[in-house]
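What follows is the residue order along each chain.
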Amino acid sequence: MEKTQENSCAIQCQGIRKVFGTVVANDNIDLEVRYGEILALLGENGSGKTTLMNMLSGIYHPDEGRILIDGQQVDISCPTDAMRLGIGMIHQHFKLVDVFSAMDNIVLGTEEKKIKPKILRQKILDISHQFGLEVDPDKKIRQMSVSEKQTVEILKVLYRGARILILDEPTAVLTPQETEKLFAILRSMREQGAAIIIISHKLHEVMDISDRVTILRKGKSIETVNTAETNEKALTEKMVGRPVTLEIERPQTEKHERILDVYHLTVEREDGTTALDDVSFTINTGEILGVAGVAGSGQKELCESIAGLMPVKEGAILHKKQDIIRKTPSEIIELGISMSFVPEDRLGMGLVASMGMTDNMLLKTYHRGKGPFIDRKPNRELAERLVKELEIVTPDVETPVRLMSGGNVQKVLLGREIESDPNLLITAYPVRGLDINSSYLIYDLLNEQKKKQVAILFIGEDLDVLLELSDRIMVLCHGQITGIVDAKEVTKEQIGLMMTGSRAEEVLGNE
Amino acid sequence: MFLKFIVAAIVSGTPLLFGTLGEIAHEKCGHLNLGVEGMMSIGACAGFMTGYYTDRFWIAILAAFAAGVLSALVYAFLTVTLMANQNVTGLTMTIFGIGLSNFIGVTVLATTSSGTLKLSEHIMAQMGNIHIPVLSDLPVVGQLLFSYDPFVYVGVAIALAMGFYYNHTKVGLNVQAIGENPAAADAAGIRVTKLKYLNIMIGGGICGIGGAYCPMIINGGKWISDSVDGLGWIAVALVIFAMWSPNRAIFGSFVFGALRVLKFYVPKSVPVPAAIYDMLPFVITALVLILTSMGKSMGKSQPAACGLNYFREER
């Protein structure tokens, strides 16, 4: 702690206020980051973290308040200004041009005149070595894994001479091993005097990496604490503003019947690559089967082939001993199989972004109506009931869902699926981008369904959650199952190893 | 005979070359412009009328360019600043451009006593085929390379310059980044709006020159309504044929130019109705569209953000 007090201030925000229309996104926010420290910014969705960071990186302009960099008051009106001041932002959704090489992305938009690729490559490699980054400058972005892309993003800001780094939920898409690697890089930057702000929802990571934590709630800065002097529970309570329990329930259910059997399922993507390779597993009623895996390991194809949206090359999917492979999606829905798949852009599948809640409810029910006309009334009632039951925040049930916040969209989607009374619920990334409060609400919803003997296939990304919520965990790696394990008897590290290709027998055998 | 065919193909392909290059400039920065036909029509009218009244060829070309720039400015204001739908805006530009051009043509025609508008001999001489001593007199090569009207050389020079711009300059790289992922470009500190405006306007200007070629060269310096006659649409398709490369656009334009003049060079003994030849460019365009949409090779495909307007604060 004494060490950080010696270091000078990198950023000071004083009384920052930002209003969008009638919504106050930031209200009188104070924030301070010093060189040689990692500050975690913690807050629920809509607490104004991203807005604040966007003001530091020049995307928005504050309405009131002062920003001081190195003690000097500054005006950051565009991303170039931020860069000039040494601020580099690594966005949650990577801002990279897919068809360019890493090198082209790194130099993109820099002021320098054309320099020789050879010198440039050397410069990039020099920075890489300095901080322990690994990257091939000539590799195209589209051929890279998620963690490689992130490395390029980091290199991009370092190349521009950033001494203040802002990372917006950098670990959301990484495996535990990749997260460790990233943290090692961040620590190395801290040693070399950089100031780092990291936004994260994952409390254990905040505890692990940060020196201090600033908590935002409803657009206001609540408190800044030293990480060493606090714990996860205290942080959550400050963030939510009331006492909470951080435990995810795992209710035990009694009757287990096989409801879905998948035998030797092989699925090919449109481009001919194998998405799922000889996958076999079973789901029972009253059970949550968690699916872990690096993004793109076949999760999407698994959901879609069960829901009848994707052709199956080989294998069988039996629902209550009935093969459903040749059935149409609507026939599968009739059988009680319901899917709420939330892809990265959240709205891509399942909901129509420009429609209100009522019309989105209608999408699932209209074909049951009699006659050629649509009856909106029952759907509006359903939408209004969901708003009440699930505490969905929306001005009106007719407001387009794209204007709602992430957590509320998830609730609408899951709420609608549950309403159709399924016996098998497939849900992918239901808490992606959600804050703690909303996440727990979703977990409760799922557990409630489980108690009603619904079988749940839960595709998740936060391993801590998967371990606590699921009964069993199935790990996918490049379309193959590397193991199906009891969630109570496995560690996060073991799952992580299985996600990168080790077989369950090897991993568990080592213990 | 064959030599004459090649020369005719190049002359007939030149307006396509300009149109295609203009459209490439638009698509590279993420704007699908269906208004090429309209921008060419406006350029045709401005170029021809300026030539008619000033008798100066280079001023006519500049006027055609400026008119194209202006029409593209309208398009850019609607799509970049007001974020209007690009397809609708483009189609509107086409309808507006053709209409405006014909309207001015008819109005000016009404002022003449002869009932025809024809450029003077003086300006026709200025834009006639060039003649370089020695080089132009070489057998075959002279005719094939050194004896076209100045438009042809301007077009090829623009194509080569554009190829260099995209592949070897920093601004070109930035523009391509905008077309692929404007959010990434913005975050990298590239002035997205400024570069979009600039590229769209220059693209429009290039289209305008191509338009002027139609009444001034192809129609032999005589004003006829609808002189661009669908070339702008073929240019939009040619961009795909050229796979977004200005250098390949040179080749593509001349191939399509050849198809357009083919009917005059096939011996009379071949019993194919003339209508088939008129149809050929469009059939080939359709085939190219099918083929390119089947084999999607990366890097040679449409810029990823083409057709999508960019709004910084969108989630």
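The shown structure was predicted, so the numbers you read here are calculated from the model rather than taken from an experiment.

For chain B, the count of helices and strands is 13 helices and 0 strands. Written out in order from the N terminus, the α and β elements of chain B read α-α-α-α-α-α-α-α-α-α-α-α-α. Taking 2.2 N^0.38 as the reference for a compact globule, 315 residues should give roughly 20 Å; the C-alpha atoms of chain B span a radius of gyration of 20 Å, in line with that estimate. Across its three principal axes, chain B shows a C-alpha extent of roughly 60 × 45 × 40 Å. Burial status across chain B gives 51% buried among its 315 residues. Relative to all contacts within chain B whose residues are 6 or more apart in sequence, the contacts with residues 24 or more apart total 77%.

This part is about a negative patch on the surface. Together, Asp375, Glu381, Glu384 and Asp396 of chain A make up a negatively charged patch on the protein surface. For Asp375 of chain A, the position within the fold is in the loop between helix H12 (357-365) and helix H13 (377-389).

The pairing of strands in a sheet happens through backbone hydrogen bonds and is either parallel or antiparallel. Residue and element names in this part refer to chain A. On the basis of which strands lie adjacent, the open sheet formed by 6 strands has the order S6-S7-S8-S3-S9-S10 and mixed pairing. The strands lining the two open edges of the sheet, one partner per strand, are strand S6 (87-90) and strand S10 (220-226). Ignoring which end each strand starts from, the neighbouring axes of this sheet average 20° apart. In this structure, strand S7 (residues 164-168) lies alongside strand S8 (residues 195-199), joined through 5 bridges in parallel fashion. Residue pairing across strands places Leu167 opposite Ile198, the latter belonging to S8. Along the sheet face, helix H6 (residues 146-159) touches S6 and S7 and points at about 170° away from the line of S6.

Right, let's get into the environment of Glu44 of chain A. All names here are of chain A. Along the chain, Glu44 falls in the loop between strand S3 (37-42) and helix H2 (49-56). Residues Glu44 and Ile215, spaced 171 residues apart in sequence, show a C-alpha to C-alpha distance of 9.3 Å. When near neighbours in sequence (up to four residues on either side) are disregarded, Glu44 contacts Lys49, Leu216, Met239, Val240, Asp435 and Asn437.

Residues and elements named next belong to chain A. Mapped onto the elements, Glu205 comes out in helix H8 (residues 203-209). We classify Glu205 as buried; its relative accessible area is 7%. In terms of polar contacts, Glu205 uses its side chain to reach the side chain of Thr171, at 2.5 Å. Apart from residues no more than four positions distant in its own chain, Glu205 is found in contact with Thr171, Thr179, Phe183, Ser200 and Ser210.

Attention shifts here to the interface of chain A and chain B. Facing 28 residues of chain A, the contacting portion of chain B comprises 19 residues. For the pair chain A and chain B, the summed buried area comes to about 1900 Å², and 61% of that belongs to carbon and sulfur atoms. Our enumeration of links across chain A and chain B arrives at 0 salt bridges. When contributions to the side of chain A that touches chain B are tallied by element, the ones reaching two or more residues are helix H3 (79-84) and helix H4 (102-107) of chain A.

Our focus in this paragraph is the nonpolar core. Ranked by size, the top nonpolar core spans 167 residues in total, and within it Leu186, Met189, Met357 and Ile495 of chain A together with Met216 of chain B carry the most contacts. Element by element, the count of residues in this core is highest for helix H10 (residues 192-218) of chain B, at 12 residues. Apart from the residues within four sequence positions on either side, Met189 of chain A is in contact with Phe131, Ile154, Leu158, Leu165, Ala194 and Ile196 of chain A. Counting residues in hydrophobic clusters, the runner-up holds 33 residues, among them Val267, Val279, Ile317 and Ala428 of chain A.

Turning our eyes to something else, we now look at unusual backbone geometry. Its identity is not glycine, yet Lys321 of chain A carries a phi of approximately 65°, on the positive side. Mapping Lys321 of chain A onto the fold places it in the loop between strand S14 (314-319) and strand S15 (322-323).

Another point: the sheet that holds S14 of chain A. All names here are of chain A. Within the open sheet, the 4 strands sit side by side as S12-S11-S14-S15. Their pairing is antiparallel. Of all strands in the sheet, those with a lone pairing partner are strand S12 (274-284) and S15, marking the two edges. Pairing geometry for strand S11 (residues 258-268) and S12, over 7 bridges, is antiparallel. Residue pairing across strands places Val262 opposite Phe281, the latter belonging to S12. Each of S11, S12 and S14 touches helix H10 (residues 299-306); the most contacted strand, S12, lies at about 60° to it.

Two elements, strand S19 (residues 472-477) of chain A and strand S20 (residues 480-486) of chain A, share 6 bridges in a ladder whose sense is antiparallel. Among the inter-strand pairings, Cys477 of chain A is bridged to a residue of S20 of chain A, identified as Gln480 of chain A.

Once that is clear, we can look at the domain arrangement of chain A. Residue and element names in this part refer to chain A. Assigned domains of chain A: these are domain 1 (9-240), domain 2 (253-336 + 422-431 + 452-511) and domain 3 (346-421). Put simply, the middle of domain 2 and the middle of domain 3, counted by C-alpha atoms, are 27 Å apart. On the side of domain 3, 9 residues touch domain 2, which itself brings 11 residues to the contact. Here domain 2 meets domain 3 over a buried area of about 690 Å², counting both sides, of which 62% is carbon and sulfur. It is Pro422, Leu425 and Pro430 in domain 2 that bury the most area against domain 3; as a group they hold 55% of the surface buried on that side. Where domain 2 meets domain 3, there are 0 salt bridges. Inspection of the region where domain 2 meets domain 3 yields 2 residue pairs in polar contact (both at pLDDT 80 or more). By residue class, the composition of the side of domain 2 that touches domain 3 is 7 nonpolar, 2 polar and 2 charged.

Let's shift gears to the pattern of salt bridges. Opposite charge on two side chains lets them pair, provided their charged atoms get close. Residue and element names in this part refer to chain A. Tallied over the entire structure, the rule returns 27 salt bridges over all chains. Glu64 is the salt-bridge partner of Arg17, the closest N and O atoms lying 3.9 Å from each other. With Arg17 in strand S1 (residues 9-20) and Glu64 in strand S4 (residues 64-69), this residue pair connects regions lying 47 residues apart in the sequence. On the basis of relative accessible area, Arg17 is assigned to the partly exposed category, the value being 25%. A salt bridge links Lys18 to Asp63; its shortest N-O distance comes to 3.9 Å.

Reading the values: rules and limits
- Each chain has its residues counted from 1, following the order in which its sequence is written.
- A letter from A marks each chain and a number from 1 marks each ligand, given out in the order of writing.
- Reporting in this predicted model follows two pLDDT cut-offs: at least 70 for local features of residues, and 80 or more for side-chain atom pairs to be given and counted; totals over whole chains, interfaces and linings ignore these cut-offs and use all residues.
- Derived side-chain values reflect all non-hydrogen atoms in the structure, with water molecules and hydrogen atoms excluded from consideration.
- Strands here mean DSSP runs of E at least two residues long; helices mean DSSP runs of H or I at least four residues long; both are numbered from the N terminus.
- Radius of gyration means the value over C-alpha atoms here, while the globule rule gives 2.2 Å times the residue count to the 0.38 power.
- Think of it in three bands: residues with accessible area under 20% of the maximum for their type are buried, residues over 50% are exposed, and the middle band is partly exposed, with areas taken using a 1.4 Å probe on protein chains only.
- A contact between two residues is defined here by any heavy atoms of the two lying within 4.5 Å.
- The patches described consist of residues with a relative accessible area above 30% and no salt bridge, like charges being joined within 9 Å and nonpolar side chains (Val, Leu, Ile, Met, Phe, Trp, Tyr) within 5 Å.
- Using a 1.4 Å probe, the Shrake-Rupley method yields the accessible areas, and only the shown protein chains count as cover for residues.
- Take a side-chain nitrogen of Lys or Arg and a carboxyl oxygen of Asp or Glu: if they are within 4 Å of each other, that pair is a salt bridge.
- His is not counted, nor are the chain ends; Lys and Arg add positive charge and Asp and Glu add negative charge.
- One atom stands in for each charge, and that atom is NZ of Lys, CZ of Arg, CG of Asp or CD of Glu.
- Whether two strands pair comes down to DSSP finding at least two bridges between them.
- Interaxial angles span 0 to 180 degrees and are taken between N-to-C directions of axes, which are lines fitted to C-alpha atoms, for helices over the stretch in contact.
- The definition of a polar contact used here is a pair of N or O atoms within 3.5 Å, where within protein one atom must be able to donate a hydrogen and the other to accept one, and adjacent residues in sequence count solely through side-chain atom pairs.
- Put simply, buried area is how much 1.4 Å-probe accessible surface two parts lose in total, over both of them, once they are put together.
- What we call a nonpolar core is a set of buried Ala, Val, Leu, Ile, Met, Phe, Trp, Tyr and Cys residues that are connected through their side-chain atoms within 4.5 Å.
- Segment limits for the domains were obtained from an automatic or database-derived domain assignment.
- Each residue gets one of three labels, nonpolar for Ala, Val, Leu, Ile, Met, Phe, Trp, Tyr, Cys and Pro, charged for Asp, Glu, Lys and Arg, and polar for the others, Gly among them.

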